[in-house]
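Below, each chain spelled out in residue letters.
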Amino acid sequence: MLTFIINDVLGTPAILVGLFSLIGLLLQKKSFSDTISGTLKTIMGFLILIAGAGVIATTLTSFSELFVHSFNIQGIVPNNDVVSAIAQKNFGTSTAMIMILGMLFNILFARITPLKYIFLTGHHTLYMAAMLAVILTTGGMSGFPLILTGALILGALMVISPAMLQPFTRKITGSDDFALGHFGSTGYFCAALVGKLIGKGSRSTEEFKVPKHLKFLHDSSIAIALTMTILFIVLVLIAGKEFTETQVSGGQNYIIFAIIQAITFAAGVYIILAGVRMVIAEIVPAFKGIADKVVKDAKPALDCPTVFPFAPNAVIIGFLSSFCAGLICMFFFPMLGLSIIVPGLVPHFFCGATAGVYGNATGGRRGAIVGAFVNGLIISFLPAILLSVLGGLSNSTTFGDADFGVVGIILGKLMSAFH
C-alpha cells in the first residue's frame, strides 16, 4: 500500500496536483459538481502540460542525436529523469521515505514560518529526494538519521526555493496568486539579478516592433516554429542526408524531417501554454481552501512552464541563449580539466526559457539574453562539479538543474569533511 501511495499517487505529478485541488475544494465546501469539475480540470490541464513537454522532449532528442553526431562529441549529458531512475535501483527505499517525510515537512514549515508555499512539482520533489539519498549514503549515513536529514533538507528547500523567487514571480505575473516551484531557482534568481544590473532602459522581449509584412512574427508560435526550422535545417545539413535518414528520421526525407520536427516543437510549446492556463485557472481558486484551513495564506508553487505565457518571446530567446552558453562550456571544459558536459536540450529549454522570462522581467531584452546565458553557464559548471560527490552513480549522466548542483555540492563537501 505504501509503495502504491509513493510511486503511483504521489509520484504522478498530475494526480498530486489534482489531489491538492480536491482537498482545497472540499475544505471550501464546494458543491459536488464544482468539486468534481475543478479536480478533473486541474488534472486535465496538468496532463496537457505534460503532453506538450513530451512533444518537446521528443523533438529535442532528435536534435541532440543530430548535434552529437555533427560535432562528434561524447560526454556527460545531464538528465534528471535518467539519473533519478538509476538512483532508484540502489537507493529506492531511502528516496521514497525522504520524499514522503519531506512533503510533510514542507507543510509544517509553511505553517510555522513566514514562507507560505506548498511545493506541487512532484517529479522535482522525487529527483531531489533521490539526489539527497545518494549523497547522504555516499557520505556514510544510513537508516533513520539519513531519512530525517534528507527530509528536513527537502522540506526546507520546498519553501525556500519559491520564496527567493517570489518578488520576481510577482513582477512577471502581476499577482501574488501562485509561486514557482522548480529546483532551477538559483539559475532564475541569478538571471533576474543580472537583468536588474544590466537591463536599465532595455525594452521587454514582448515589445518587438516588426514591419507590417512581418506581422505574423507577433505570434510567438510562428516565431518559434521559424527559429527552430532554421536550427534544424542547419543541423541536418551538417549531419548529412544519409545519417539523418538512416539513424534519426526513419527514412523520411531529411529536409522534410527538419521542418516537421521544428513545427512539432512549436506545437509542443503551444500545448504547454494551453495546459498552464487551464491549471492556473483551476488550482489558484481551489487552493484557497488549503490557504484558509491548513496553512494560512499558502500559495501553490507550480512547475516552471507556468510563467511561459507571460513572456513567450523570452521563452525562445532564453532557450537559445542558455544553449549557446552550454556550447561554449562544452568546448572549453577540457582545457579546465573538467568533464565534458554535453548541453542537454531539455534542461536548456525549460531552465533557459524560464531564466529568460525572469531576466526579461527585471532587465528587458538584455536581461533575457544575458540572464539566460548566465543560467546556461550555471547548469554547465555545476553538473561537472557535482559528479565528484555522487559516488560514481553514473559515468554518462547527472542531475542538470541549478539547485541540484548547489545543494548537492555543498552537502557532498560537508559530508566528506565530517566523514
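In every chain, residue numbers begin from 1 and rise along the written sequence. Totals for whole chains, interfaces and linings use all residues, but because this is a predicted model, local features are given only for residues with pLDDT of at least 70 and pairs of side-chain atoms are given and counted only at 80 or more. Hydrogens and waters are ignored; side-chain quantities use all the structure's heavy atoms.

Enquirer: Looking at this structure, how should I read the sheet that holds strand β3 (residues 299-302)?
Expert: Strand pairing in a sheet takes place through backbone hydrogen bonds and is either antiparallel or parallel in direction. The three strands lie next to each other as β1-β3-β2, forming an open sheet whose pairing is parallel. Across the chains shown, the open sheet's two edge strands, defined by having one partner strand only, are β1 (117-119) and β2 (179-180). Strands were regarded as paired on the criterion that DSSP finds at least two bridges between them. For the purposes of this entry, the term helix denotes a DSSP run of H or I that reaches at least four residues, the term strand denotes a run of E that reaches at least two, and both are numbered from the N terminus. By the bridge criterion, three bridges tie β1 to β3 in an arrangement that is parallel. Residue pairing in the sheet places Tyr-117 in a bridge with Lys-299 of β3.

Enquirer: Explanation requested: the nonpolar core in the structure shown.
Expert: A general trend in soluble globular proteins is that nonpolar side chains are found buried together. Only buried Ala, Val, Leu, Ile, Met, Phe, Trp, Tyr and Cys residues count toward a nonpolar core, and they belong to the same one when joined by side-chain atoms within 4.5 Å. Exposure classes here rest on a 1.4 Å probe applied to the protein chains alone. A residue is buried below 20% of its type maximum, exposed above 50%, and partly exposed in between. Of all hydrophobic cores here, the largest spans 117 residues; its most connected members are Phe-265 and Phe-349. Should any heavy atoms of two residues lie within 4.5 Å, those residues are counted as being in contact. Among residues more than four places away in sequence, those in contact with Phe-349 are Ile-56, Leu-60, Phe-265, Val-269, Phe-308, Val-315 and Phe-319. Judged by nonpolar contacts, the second largest core, of six residues, contains Ile-76, Cys-329, Phe-333 and Ala-384.

Enquirer: Hey, could you run me through the packing of aromatic side chains in this one?
Expert: What describes a pair of aromatic rings is the distance from one ring centre to the other and the angle between the planes of the rings. Whether two aromatic rings pair depends on their centres lying within 6.5 Å, for rings of Phe, Tyr and Trp, where Trp uses its six-membered ring; planes under 30 degrees apart make the pair stacked, over 60 edge-to-face, and the rest tilted. Under the defined criterion, the tally for this structure stands at 16 aromatic pairs. For the ring pair Phe-265 and Phe-349, a centre distance of 5.2 Å and an interplane angle of 80° mean the geometry is edge-to-face. With a gap of 84 residues between them, Phe-265 in helix α10 (residues 254-286) and Phe-349 in helix α13 (residues 345-386) connect regions that are remote in the sequence. On the accessibility criterion, Phe-349 (0% relative accessible area) is buried. Ring-pair connections join several aromatic residues into one group, and the members of that group are Phe-63, Phe-67, Phe-232, Phe-265, Phe-308, Phe-319, Phe-323, Phe-349 and Phe-350.

Enquirer: What exactly am I supposed to notice about the environment of Leu-60 here?
Expert: You can see Leu-60 is positioned in helix α3 (residues 32-71). Given a relative accessible area of 2%, Leu-60 falls into the buried group. Linking Leu-60 and Val-346, residues 286 residues apart in sequence, is a C-alpha distance of 6.8 Å. In contact with Leu-60, other than residues within four places in its own chain, are Phe-265, Phe-319, Leu-345, Val-346 and Phe-349.

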